[in-house]
Amino acid sequence: MSTPQLVVHHDKELMAQAAAARLITKIVDAQASRGSASVVLTGGRNGNGLLAALAAAPARDAVDWSRLDLWWGDERFLPEGDPERNVTQAREALLDAVPLDPKRVHAMPASDGPHGHDVEAAAASYAEELARAAGPENHGAVPTFDVLMLGVGPDTHVASLFPELPAVRETERTVVGVHGAPKPPPTRVTLTLPAIRAAREVWLLAAGEDKAQAAAIALSGAGEIQAPAAGARGRARTLWLLDSAAASQLPRSLYPPASS
Ligand SMILES: O=C1O[C@H](COP(=O)(O)O)[C@@H](O)[C@H](O)[C@H]1O
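Because the structure is a prediction, the values reported are computed rather than measured.

A. Region of interest: the sheet that holds strand E6 (residues 175-178). Ordered in space as E4-E7-E6, the 3 strands form an open sheet in which the pairing is antiparallel. Each edge of the open sheet is held by one strand with a lone partner, namely strand E4 (74-76) and E6. For this sheet the average axis-to-axis angle between neighbouring strands, irrespective of direction, equals 15°. Sheet topology note: the E4/strand E7 (residues 188-191) ladder contains 3 bridges and is antiparallel. Bridge assignment links Asp74 to a residue of E7, and that residue is Thr190. Here helix H4 (residues 119-133) sits on the sheet and contacts E6 and E7; the angle it forms with E6, its principal contact strand, is near 160°.

B. Just helix H1 (residues 12-34), in detail. A rise of 1.5 Å per residue sets the reference length of H1, with its 23 residues, at 33 Å; its end C-alpha atoms lie 32 Å apart and thus fit the reference within 8%. Where H1 is concerned, the buried positions are Met15, Ala16, Ala19, Ala20, Leu23, Ile24, Ile27, Ala30 and Gln31. Positive backbone phi, at 95°, marks Gly35, one or two positions downstream of H1.

C. A look at the side chain of Ser2. Structurally, Ser2 can be placed in the segment before strand E1 (4-9). Judged by relative accessible area, Ser2 falls into the buried class, the value being 10%. A distance of 2.7 Å separates the side chain of Ser2 from the backbone oxygen of Gly234, its partner in a polar contact. A polar contact of 2.6 Å, which involves the side chain of Ser2, links it to the side chain of Thr238. Setting aside residues no more than four positions away along its own chain, Ser2 makes contact with Arg233, Gly234, Arg235, Ala236, Arg237 and Thr238.

What counts, and at which threshold
Residues numbered from 1 in each chain as written. Predicted model: local features only at pLDDT ≥ 70, side-chain atom pairs only at ≥ 80, totals over all residues. Heavy atoms only, no water. Pairing = 2+ DSSP bridges. Helix = DSSP H or I, 4+ residues; strand = E, 2+ residues; numbered from the N terminus. Axes fitted to C-alpha atoms, helices over the stretch in contact; angles between N-to-C directions. Contact = heavy atoms within 4.5 Å. Expected span 1.5 Å × (residues − 1). Buried < 20%, exposed > 50% of the residue type's maximum accessible area, 1.4 Å probe, protein only. Polar contact = N/O pair within 3.5 Å; in protein donor to acceptor, adjacent residues only side chain to side chain.

Below is the structure:
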């Protein structure tokens, strides 16, 4: 697993624009070398800010949207179309504006879907969908995502892996149901750390003062059970994309010398 690298931008708008430009380049490169690209989206303010910046970027037309698989790191287990669902917010921010192949948009199940309110069954069906997409070269039950993005919560949660809850301790399954999340709604579906760590690159997004403590804790050697963001690592690269407010409590030894 890779060691975290940090990029600190001046403010959250610049961070979103720079991350969007970085994502466009990654997708275009993956499509050029492997024919298609796969990206795992995150919910939350920073993830949606990045998608909105991508929607506004003229370079978005460099992406072949029909050869892109989109997955989610987590979902709030609510009815289809609920404004609090991560997929609803992603559609509004970007997905409705670009020519994606609907078969390649892998939304997590809703609470009024085929599994009803059974969040464990919903999680298991998403795990099966991931396993079907994984090739023999993936050595496991999930595809090697090109980029997996995670918003970092003020309590160091990533996806719906909250400190000390059972989901963050999962070592076998790739997707699990979450009960009693401290952030509403309490019932959620999430990728687990083993699934996250299958990604080629993991990008953690943290902007704003309320993320400063979480970034400092996760990057200062905390354990992943207490600070789930500390356990989110990519195979080839782990990149923390921060703004200066979120980086304000980092030890100076971690703060990168050349920041923009
Ligand atoms: O509930 C969630 O929160 C986190 C972080 O969101 P933020 O608004 O504090 O940036 C997000 O990453 C996750 O996907 C989402 O379900």
